[in-house]
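# Residue-level structural notes
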Amino acid sequence: MARKTILITGAAGFLGSHLCDRFIKEDYKVIAMDNLITGDLRNIEHLFKLENFEFYNHDVSKFVYVPGDLDYILHFASPASPIDYLKIPIQTLKVGSLGTHNLLGLARAKKARMLIASTSEVYGDPNVNPQPEEYWGNVNPVGPRGVYDEAKRFQEAITMAYHTFHGLETRIVRIFNTYGPRMRLNDGRVLPAFIGQALRGEPLTMFGDGSQTRSFCYVDDLIEGIYRLLHSDYAQPMNIGNPDEITIKQFGDEIIKLTGTDQEMISLPLPTDDPKQRRPDITKARAILGWEPKVSRSEGLKITYEYFKSLPEKEIQHKDFTYYNK
Ligand code: UDP
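This section reports on the structure supplied with the text. (Residues numbered from 1 in each chain as written. Predicted model: local features only at pLDDT ≥ 70, side-chain atom pairs only at ≥ 80, totals over all residues. Heavy atoms only, no water.)

### Considerations on the nonpolar core
Core analysis: the biggest nonpolar cluster contains 61 residues, and Ile6, Ile8, Cys20, Phe23, Val30, Leu74 and Phe76 have the highest contact counts within it. Tallying contributions element by element places helix 6 (residues 219-231) first for this core, with seven residues. Filtering out sequence-adjacent residues up to four positions away, Cys20 remains in contact with Ile8, Ala11, Val30, Ala32, Ile44, Leu47 and Phe53. If you look at the next biggest cluster of nonpolar residues, it comprises 22 residues, including Ile31, Leu106, Met114 and Met160. (Core = buried A, V, L, I, M, F, W, Y, C linked by side-chain atoms within 4.5 Å. Buried < 20%, exposed > 50% of the residue type's maximum accessible area, 1.4 Å probe, protein only. Helix = DSSP H or I, 4+ residues; strand = E, 2+ residues; numbered from the N terminus. Contact = heavy atoms within 4.5 Å.)

In structure tokens:
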């Protein structure tokens, strides 16, 4: 069988780089694209020597073109942490809306199947727990998270419109909190924040009283779910995440135990519109993809901690949030 070609946007980011690895392993030709605002070329450096890997430094919010045949497009370009979208709100809106439109146009021209990275943020601060795909969400469009949430909601809407109006083959994955090696230590998310603080011997910054919940999925499980969804014939949105729900306070306790830090948690104000609870209902993924997460939090956290520990000391000590290729 001829080798398939896949375009992956956000390829130098956390999830994008793991997707590049997976599709290289499956013997695809991978065309990687990133504008490197939040991505880091070190995540994909090891692939540059391969003949079936190409990289374009490009912002997909502007017209996108790649020569030759294209079988699949995975749109994973977007800032994805609350700190990021506070700092670069307009780019966040543009990559989810204009970027998605450009890539849908490209998919149509190439007759490619397109999968978009949506998010549990489409559910906002949910009134229903766990969240099934049928839940419409509780989103504040003009709050600080609105730039991400609404871009992703628009992204789902335009993707579904291309599917129904143009007959384009599309897939929509709603990604819940995911962690693992290659997360940015300074992206402001709770896991890198807590581990970074433990490594620097600082107190862990718990927002609010820590009673809000999240459900953390290890990256390898997520990538497997996305791989299966892409190859399924299911065009409706699909939750992929780990339903093992935990409060942020319990999570902090786990990090304290894992790292052996002598520090404790301090409480800082809860950010505006911070969801109080989040847990995926994965009934559909189980039934349609035969997928469920395999890696426990204790296993996944150990691997992730080893990764952060192995970073250069200078990076571990660098506390400011980072956005550019350092
Ligand atoms: N959080 C925290 N301390 C931090 C960073 C985040 O307590 O230093 C909390 C945050 O308020 C939220 C949860 O951890 O309730 C997850 O935050 P994150 O930014 O990782 O992702 P979110 O799920 O909110 O998009």
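### Observations regarding the environment of Arg145
Following the sequence through the fold, Arg145 ends up in the loop between strand 5 (113-119) and helix 4 (146-166). Judged by relative accessible area, which is 10%, Arg145 ranks as buried. Along the sequence, Arg145 and Pro89 sit 56 residues apart, while their C-alpha atoms lie 9.0 Å from each other. Not counting the four nearest positions on each side in its chain, Arg145 is found in contact with Pro82, Tyr85, Glu121, Thr272, Asp273, Asp274, Pro275 and Arg278.

### Comments concerning the packing of aromatic side chains
Scanning the entire structure with this criterion turns up twelve aromatic pairs. Where Phe23 meets Tyr28, the ring centres are 4.9 Å apart and the plane angle is 85°; that geometry is what we call edge-to-face. For Phe23, a relative accessible area of 1% translates into the label buried. Centre to centre, the rings of Phe48 and Phe55 are 5.8 Å apart; their planes meet at 45°, and the pair counts as tilted. (Phe/Tyr/Trp six-rings, centres within 6.5 Å; stacked < 30°, edge-to-face > 60°.)

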